[in-house]
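# Results of the structural survey
In case you want the letters, here they are:
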Amino acid sequence: MEEIHDRVVREIVSHLNNKSFDIYINPGQEKNAGIGDNYPDVVMTEKGRNTVKFILEVETEDSVTKDEAINQWKKYTSEINATFYLVVPAALLNKAKELCQRENINSRYATYSISGSALTFDFQ
């Protein structure tokens, strides 16, 4: 699943607005762009500035869990002043929404689908 996770992290960049934002990624265990001791998968700052506007956390089929919600999503939303996007497999969108609602996590959502070698995104 780590292979899928890192592919999604790398490929989502081409779907984001890089005209208004500088985009940094932290695939796998890489720590390229931190906010305090947090390293979300994708960090978007205002172009040419250090002001974080959006953070995106990519999950796979096996990581949309209560544990992840409490230990990572909630931590990010409470410690980072930015809009939080949870990026999940399309089939797990409802589960992710339920977890966020149950744990009182303020999130926006994006989904991805993989068909053969094609990877598609849908931002809610």
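Below is a summary of the structure that appears in this document. Quick caveat, the model's predicted, so the values are computed rather than measured.

Interhelical geometry of helix 2 (residues 66-79) versus helix 3 (residues 93-102) gives an angle of 55° and a closest axis separation of 10 Å. Here helix 2 is positioned oblique relative to helix 3, judged by the angle of their axes. Read as a crossing pair, helix 2 and helix 3 show a hand that is right-handed. Where helix 2 approaches helix 3, its residues Lys 66, Ala 69 and Trp 73 are matched on the opposing element by Ala 96, Leu 99 and Cys 100.

Attention now moves to the sheet that holds strand 3 (residues 52-58). Reading across the sheet, the six strands line up as 1-2-3-4-5-6 and stay open at both edges, with mixed pairing between neighbours. Edge strands, defined here as strands with exactly one partner in the open sheet, are strand 1 (21-25) and strand 6 (118-123). Each neighbouring strand pair of the sheet contributes to a mean axis angle of 20°, computed without reference to strand direction. Relative to strand 4 (residues 83-89), strand 3 is paired through five bridges, and the arrangement is parallel. Bridging across to strand 4, Leu 56 finds its partner in Tyr 85.

With that settled, consider the nonpolar core. Within the largest apolar cluster, 20 residues are counted, with the highest numbers of intra-cluster contacts made by Ile 55, Val 64, Trp 73, Phe 84 and Leu 86. Sorting the residues of this core by element identifies strand 3, helix 2, strand 4 and helix 3 as the ones contributing at least two each. In terms of residues, this core owes the most to one element, helix 3, which gives four residues. Beyond its immediate sequence surroundings of up to four residues, Val 64 is in contact with Glu 59, Trp 73, Val 88, Leu 92, Lys 95, Ala 96 and Leu 99. Counting residues in hydrophobic clusters, the runner-up holds 16 residues, among them Leu 16, Ile 23, Val 87 and Phe 121.

What counts, and where the lines are drawn
- Residues numbered from 1 in each chain as written.
- Predicted model: local features only at pLDDT ≥ 70, side-chain atom pairs only at ≥ 80, totals over all residues.
- Heavy atoms only, no water.
- Axes fitted to C-alpha atoms, helices over the stretch in contact; angles between N-to-C directions.
- Helix = DSSP H or I, 4+ residues; strand = E, 2+ residues; numbered from the N terminus.
- Parallel < 35°, antiparallel > 145°, perpendicular 65-115°, else oblique.
- Left-handed = near helix turned anticlockwise from the far one by under 90°.
- Contact = heavy atoms within 4.5 Å.
- Pairing = 2+ DSSP bridges.
- Core = buried A, V, L, I, M, F, W, Y, C linked by side-chain atoms within 4.5 Å.
- Buried < 20%, exposed > 50% of the residue type's maximum accessible area, 1.4 Å probe, protein only.

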